[in-house]
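So you can see what is in the structure, the chains are spelled out below.
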Amino acid sequence: MTEPGMRELGTSGLTAIGAAYRASCLAELDALKPGNVHAFADGHRMATVDFVTSAEVSAPHLARTGARVGARVRAAMAATLAAVGQNTNLGILLLCAPLARAAEADGPLRAALDAILDGFDADDAAEVYAAIRLANPGGLGTAARHDVTGPDAPPSLRAAMAEAAPRDAIARAYVGGFADLFDIGLPALAAARRTGLSEPWTTTAVFLAYLARVPDSHVARKHGRPRAEALRDEAAALLGLDLATRPVDALLAKDRAWKAAGLNPGTSADFTVATLFLDRLLAGPARCVPGPERSSDSPSTEFVPPEVK
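Residues numbered from 1 in each chain as written. Predicted model: local features only at pLDDT ≥ 70, side-chain atom pairs only at ≥ 80, totals over all residues. Heavy atoms only, no water.

(A) Seen up close, the side chain of T203. Tracing the backbone through its elements, the reader meets T203 in helix α10 (residues 201–213). Contacts of T203, omitting those with residues within four sequence positions, involve A27, E28, A31, T272 and L276. (Helix = DSSP H or I, 4+ residues; strand = E, 2+ residues; numbered from the N terminus. Contact = heavy atoms within 4.5 Å.)

(B) Highlighting the packing of helix α3 (residues 69–84) against helix α6 (residues 122–135). Contact geometry for α3 and α6: axes closest at 7 Å, N-to-C directions at 20 degrees. When the axis of α3 is compared with that of α6, the two are roughly parallel. Helix-helix and strand crossings are classified by hand; for α3 and α6 the assignment is left-handed. Contacts between α3 and α6 pair V69, G70, A71, V73, R74, M77, A78 and L81 from the former with D124, E127, V128, A130, A131, L134 and A135 from the latter. Taken together, the residues that form the contact of α3 with α6 break down as eleven nonpolar, one polar and three charged. (Axes fitted to C-alpha atoms, helices over the stretch in contact; angles between N-to-C directions. Parallel < 35°, antiparallel > 145°, perpendicular 65-115°, else oblique. Left-handed = near helix turned anticlockwise from the far one by under 90°. Nonpolar A, V, L, I, M, F, W, Y, C, P; charged D, E, K, R; others polar.)

(C) Main features of the nonpolar core. Ranked by size, the top nonpolar core spans 68 residues in total, and within it Y21, V73, L99, Y174, F178, L181 and F277 carry the most contacts. Tallying contributions element by element places helix α4 (residues 90–103) first for this core, with eleven residues. Beyond its immediate sequence surroundings of up to four residues, L181 is in contact with L99, L186, P187, Y210, F271, A274, T275 and L278. By size, the runner-up hydrophobic cluster in this structure holds 22 residues, among which are L32, W201, A220 and A235. (Core = buried A, V, L, I, M, F, W, Y, C linked by side-chain atoms within 4.5 Å. Buried < 20%, exposed > 50% of the residue type's maximum accessible area, 1.4 Å probe, protein only.)

(D) Fine view of helix α2 (residues 48–62). The first and last C-alpha atoms of α2 sit 20 Å apart over 15 residues, in line with the 21 Å expected at 1.5 Å per residue. Where α2 bends most, the angle comes to about 25 degrees, and this point is E56, followed within four residues by the proline P60. Where α2 is buried, its residues meet α1 (16–30), α3, α4 and α14 (266–283). (Expected span 1.5 Å × (residues − 1). Bend = angle between axes of the 7 residues up to and from the residue.)

(E) Structural detail: the pattern of salt bridges. For the coordinates displayed, the defined rule picks out 14 salt bridges. Residue K33 is joined to E28 by a salt bridge in which the shortest nitrogen-to-oxygen separation is 3.2 Å. When the shortest N-O distance is used, the salt bridge between D124 and R68 registers 2.5 Å. Pair noted here: D124 is in helix α6 and R68 is in the loop between α2 and α3, with a separation of 56 residues, a long-range link. Given the relative accessible area of 1%, D124 is considered buried. Look at R68 and you get partly exposed, because its relative accessible area is 30%. (Salt bridge = Lys/Arg side-chain N within 4 Å of Asp/Glu carboxyl O.)

(F) Structural view of unusual backbone geometry. At the junction of E199 and P200, the peptide bond is cis and its omega measures out at 5 degrees in the coordinates. Note on placement: P200 falls in the loop between α9 (179–194) and α10. Positive phi, close to 60 degrees, is recorded for F178, a residue that is not glycine.

(G) Focus on the side chain of D216. Mapped onto the elements, D216 comes out in the loop between α10 and α11 (217–223). The charged side chain of D216 is buried without a salt bridge, its nearest counter-charge being R221 at 6.9 Å. Of the polar contacts made by the side chain of D216, one reaches the backbone nitrogen of T267; its length is 3.2 Å. Every residue in contact with D216, bar those within four places of it in the chain, is listed here: L211, A228, N264, P265, G266, T267 and S268. (Lys, Arg positive; Asp, Glu negative; His and termini not counted. Polar contact = N/O pair within 3.5 Å; in protein donor to acceptor, adjacent residues only side chain to side chain.)

(H) Here's a closer look at the packing of aromatic side chains. Using the criterion set out here, one finds four aromatic pairs in the structure. Each ring, one from Y21 and one from F277, has its centre 6.0 Å from the other, and the planes form 80 degrees; the classification is edge-to-face. Of this pair, Y21 sits in helix α1 while F277 sits in helix α14, and the two are 256 residues apart along the sequence. The residues Y21 and F277 share a single accessibility class, namely buried. Here Y210 and F271 contribute two aromatic rings whose centre-to-centre distance is 5.4 Å and whose plane-to-plane angle is 45 degrees, an arrangement assigned as tilted. In this pair, Y210 sits in helix α10 while F271 sits in helix α14, placing the two residues 61 residues apart along the sequence. F271 shares its class with Y210; the two are buried. Among the aromatic residues, those joined into a cluster by ring pairs are F120, Y174 and F178. (Phe/Tyr/Trp six-rings, centres within 6.5 Å; stacked < 30°, edge-to-face > 60°.)

Put into structure tokens, the structure is as follows:
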């Protein structure tokens, strides 16, 4: 249920929804996510500070009250590119924009989300296609129908996502009611909390849950489906680690190996941000206030391994 006050302004001039989005992006960066960019290891020619900046500049656009999903994604993508000069958050924006719009509605959030996913129009498609062309994500390729690089927008965003769904997890989310957030992400987060894990280890648990369950779309686009499947198997083995012991060395070793091979499970990271965002939205305004201002130079001190101190 969307709680009263979600449309009110929080600190830093953001609405509570914008604050929840910003806080979720920053919380995801604090977690050690093997192969991805995080507070203790940059990679793939990207630095943590790029993602911090991206969260800051995209939040007002992502959470602009009353805006349609396509307009939110395009404006937030344009702001990100202007600030950091590269695509750091297209997947995050595509997942979080419908959630942000749903959080503005009265009543249960999931029902509002379903209505939004059913209500896309040609303008949404045109705006999202424009955002994707701006971002130019790695391994995009072309499609026989509804090709994002073509001159014409599809008749609806849902139709375009349905076309891409067999090969892309974010597109599948659009046609499947964001089921992975509710069936994988939120249960993994709840289970991690029940075992007594605190942040950022609860976030690491969510990331590993996605990576171990769903072949990462970003890896599949760049390296092929078999390599994405193999990476899923490697991630499943990591589920045997006891995160309560803070296995920094083991996770950093895997982090270095995957980055050396050019493997970036970015889609799993995108779903992790969206899970944290959804969790905050469901909890209401009390969980949506931004944390203290910080940058990539001041990560969570709880998480700093001894050799980094």
